[in-house]
Amino acid sequence: MLRQAADEVVAFDDELKTLAEDMFETMYASDGIGLAAPQVGIAKRMFVMDVRDPELEPRVVVNPKIIEQDGFESGEEGCLSIPGITGEVERSARILIEGLDVDGRPIRIEATDLLARCIQHEIDHVDGVLFIDRLSPFKRKLLLGKWKKLQKEAKQR
Ligand code: NI
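Residues numbered from 1 in each chain as written. Predicted model: local features only at pLDDT ≥ 70, side-chain atom pairs only at ≥ 80, totals over all residues. Heavy atoms only, no water.

Chemist: Can you walk me through the overall build of the chain in this structure?
Modeler: If you tally the helices and strands in the chain, you get three helices and seven strands. From first element to last, N terminus to C terminus, the chain shows the α and β order α-β-β-β-β-β-β-β-α-α. With the C-alpha coordinates of the chain rotated into their principal frame, the extents come out at 45 × 35 × 30 Å. Looking at the chain as a whole, 41% of its 157 residues qualify as buried. Contacts spanning at least 24 positions in sequence make up 62% of the contacts within the chain whose residues lie at least 6 apart. Total accessible area computed for the chain in this model is approximately 8900 Å², and 51% of it derives from carbon and sulfur atoms. The distance from the centre of the 22 positive side-chain charges to the centre of the 30 negative ones in the chain is 10 Å. (Helix = DSSP H or I, 4+ residues; strand = E, 2+ residues; numbered from the N terminus. Buried < 20%, exposed > 50% of the residue type's maximum accessible area, 1.4 Å probe, protein only. Contact = heavy atoms within 4.5 Å. Areas by Shrake-Rupley, 256 points an atom, 1.4 Å probe, with all protein chains shown as cover. Lys, Arg positive; Asp, Glu negative; His and termini not counted. Charge placed at Lys NZ, Arg CZ, Asp CG, Glu CD.)

Chemist: Got a minute to help me understand the environment of I67 in this structure?
Modeler: Take I67: it is sitting in strand 3 (residues 59–70). Owing to a relative accessible area of 38%, I67 belongs among the partly exposed residues under this scheme. Remark: the alpha-carbon pair of I67 and R108, spanning 41 residues in sequence, is separated by 9.6 Å. Ignoring any residue separated from it by four or fewer positions in sequence, one finds I67 in contact with L96, I97, E98 and R108.

Chemist: Just checking my understanding: could you explain the pattern of salt bridges for this structure?
Modeler: Once the charged atoms of two side chains with opposite charge are near each other, the side chains can pair. One pass over the structure, following the stated rule, counts 16 salt bridges. A salt bridge links R3 to D133, with the nearest nitrogen and oxygen atoms 2.5 Å apart. Here R3 is found in the segment before helix 1 (14–29), whereas its partner D133 is found in the loop between helix 2 (113–126) and helix 3 (137–156), with 130 residues between them in sequence. Each of E77, R91, R117, D124 and R134 takes part in salt bridges that share partners, so that together they form one network. (Salt bridge = Lys/Arg side-chain N within 4 Å of Asp/Glu carboxyl O.)

Dropping the structure here:
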């Protein structure tokens, strides 16, 4: 599921709203700032986010599309689906995205800094891409080795 491109959302019904609520719950329970539907086993192009900035509201974004991107910025990322590891990922410094809210109304979000990083990470998820895919093969191998070791240790506990 995490490796597949998810499907466009076509129905803006109660089921979608319930999914969004469940995703927020899962995200907050794991102390994350973003969560995409494929991470909870649902192949839909949709994510929720809350970068814990008092000036930015928690958002649901459905069928997101990046329409502008400028510059580059490196920063540390982790992922709720690959717990225990983080890596330095290069992303666009500024982005402009279009999408729909949970009721199907068009939204546009311009983002920089952590918000821009979060959105790009979540859009990757709906495309079946993980942050480790954006690292060098050497770094990816190293981190996956560490992750497997952590998983093994967790099982033994
Ligand atoms: Ni993630």
